Amino acid sequence: RLFAASVAGAALLAASATAQAQDVKLGFLGGFTGPIETLVPPIFNGAKLAVDQINDQGGVLDGRTLVLLQGDSTCIDTTAASAAADRMVNSENVTGLVGPLCSGETIAAANTAAIPGGVVIVSPAATSPALSALDDNDLVFRTTPSDAYSGEALARLLNGKGHTNIAITYVNNDYGKGLADVFAERFEANGGSISVNISHEDGKADYRAEIGSLASSGADMLVVLAYVDGSGQTIVRQALEGGDFSQFAGGDGMIGDSIVAAVGEGRLDGFIGTKIGNPETDGTAVFAEAAAGVSLDPAGSFVAQAYDAAFLLALAIQKNGNDGREGLSAALREVATAPGEVILPGEWQKAVELIAAGTDINYEGASGSHEFDEKGDVPGVVIETVIDGAGFRDVGPVE
């Protein structure tokens, strides 16, 4: 009997192992801790919504379950990001990666783990122009536009509102410097004046010395290009406490209602920001309805882009016909690019049937079309958003 029980137990373990082996794994890397920690859960849930829809419609590759593993890449600690990516690529053996989200950690994860391991990365939020220059063997993609685009939009917005004399402080990393360079160049080209433009290090408790230098320049507005749960929040709070600035603006890393909770409602009304938005298409409308069904804000920062990253990777796996890494980037380009029969968010079963029939498909996503260029970049829409009361209120696309 003991022998029989042992055999039965071994059989159960073997069956469990076989079932787990049948799962198709995607990894999600994001700063669950660190300077964007309040932004990450909705972004993750955007990707998870795509995975849940796929599994509800039969899964991938003839009924296999798609699994979304998560890892904390911290946003700013490139060593931690590299370690998290290494675990996904070499221990978990994921087929592809959604994220990381911040630019520096994405570059680190790509160079240390994903590119050597032949793993496709689709980042929903890494915006630094430096990503476009990676020697990546066509493995690094993003569903959000580069700061080469959004930095210009922020400059046009502030110029258009008559802000002519500003100070800039940016977090000293790939994201901050890339955005600051583009923004400053375009702001001055459009006729604006920058009194001072300085970097700062993230993670400090006191930025009063930096704020003093910024305020002594005589600028009317402080533009903060940093992170809402990190240096950006601290700088804005301390600038208000010292009476140094009353007008603020920021890029997508600053767009989170936690900043209002930190400094007090009413004290930041009129803060001008920009974030990556979604065009008005059939795909965005379908996604908005699905997101509302799971209490997810479809307009949340990078939520739709994360959904698209996960859905696109799954389509590429299905197109590739296996859960291997070889050929996945080419399949990703095929499913994302016209011509082809249009697939909207949630239309997984339709996509599976078309792929099986040998029909070309073209995914038109939650955050728009993703016609990847040769660098894996996409165009996009930039939204003006302002603080009004308890949080941010979207105004509309930046013209």
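Cut-offs and rules
Residues numbered from 1 in each chain as written. Predicted model: local features only at pLDDT ≥ 70, side-chain atom pairs only at ≥ 80, totals over all residues. Heavy atoms only, no water. Axes fitted to C-alpha atoms, helices over the stretch in contact; angles between N-to-C directions. Helix = DSSP H or I, 4+ residues; strand = E, 2+ residues; numbered from the N terminus. Left-handed = near helix turned anticlockwise from the far one by under 90°. Contact = heavy atoms within 4.5 Å. Nonpolar A, V, L, I, M, F, W, Y, C, P; charged D, E, K, R; others polar. 1 Å grid on protein atoms, 1.4 Å probe; cavity = no way out; pocket = protein on both sides within 12 Å on 5 of 7 lines; lining within 4 Å. Points joined across faces, edges and corners; volume = space filled by probe spheres on them. Phe/Tyr/Trp six-rings, centres within 6.5 Å; stacked < 30°, edge-to-face > 60°. Pairing = 2+ DSSP bridges. Right-handed = clockwise from strand over helix to strand, strands pointing away.

Draft legend 1. Seen up close, the packing of helix H2 (residues 40-56) against helix H11 (residues 303-320). In contact at an axis separation of 7 Å, H2 and H11 are set at 35 degrees when each is read in the N-to-C sense. Of the two elements, H2 crosses H11, and the hand of that crossing is right-handed. When H2 is examined against H11, the residues Pro-42, Ile-43, Gly-46, Ala-47, Leu-49, Ala-50, Gln-53 and Ile-54 are found in contact with a partner set consisting of Val-303, Ala-306, Tyr-307, Ala-310, Phe-311 and Ala-314. Split by residue class, the contact of H2 with H11 holds 12 nonpolar, 2 polar and no charged.

Draft legend 2. Expanded view of empty space enclosed by the protein. Inspection of every chain in the model, using the stated rule, returns 3 cavities of 30 Å³ or more. Put simply, the largest cavity is a space of about 140 Å³. Residue lining of the largest cavity: 14 residues in total, with Leu-101, Cys-102, Ala-125, Tyr-227 and Phe-302 positioned closest to the centre. When grouped by side-chain class, the residues that make up the lining of the largest cavity number 10 nonpolar, 3 polar and 1 charged.

Draft legend 3. Expanded view of the packing of aromatic side chains. What the rule picks out here adds up to 11 aromatic pairs. Ring centres of Phe-141 and Phe-372 lie 5.0 Å apart, and the angle between their planes is 70 degrees; this geometry places the pair in the edge-to-face category. Of the two residues, Phe-141 is situated in strand E5 (residues 140-142) and Phe-372 in the loop between strand E13 (368-369) and strand E14 (381-388); the sequence distance between them amounts to 231 residues. The structure contains a cluster of three or more aromatic residues connected by ring pairs, namely Phe-287, Tyr-307, Phe-311, Trp-348 and Tyr-363.

Draft legend 4. Representation of the pairing of strand E2 (residues 66-72) in the model. Across 7 bridges, strand E1 (residues 24-30) lies against E2 in parallel orientation. Bridged to Gly-30 within E2 is Asp-72. Between the parallel elements E1 and E2, the chain passes through H2 in a crossover that is right-handed.

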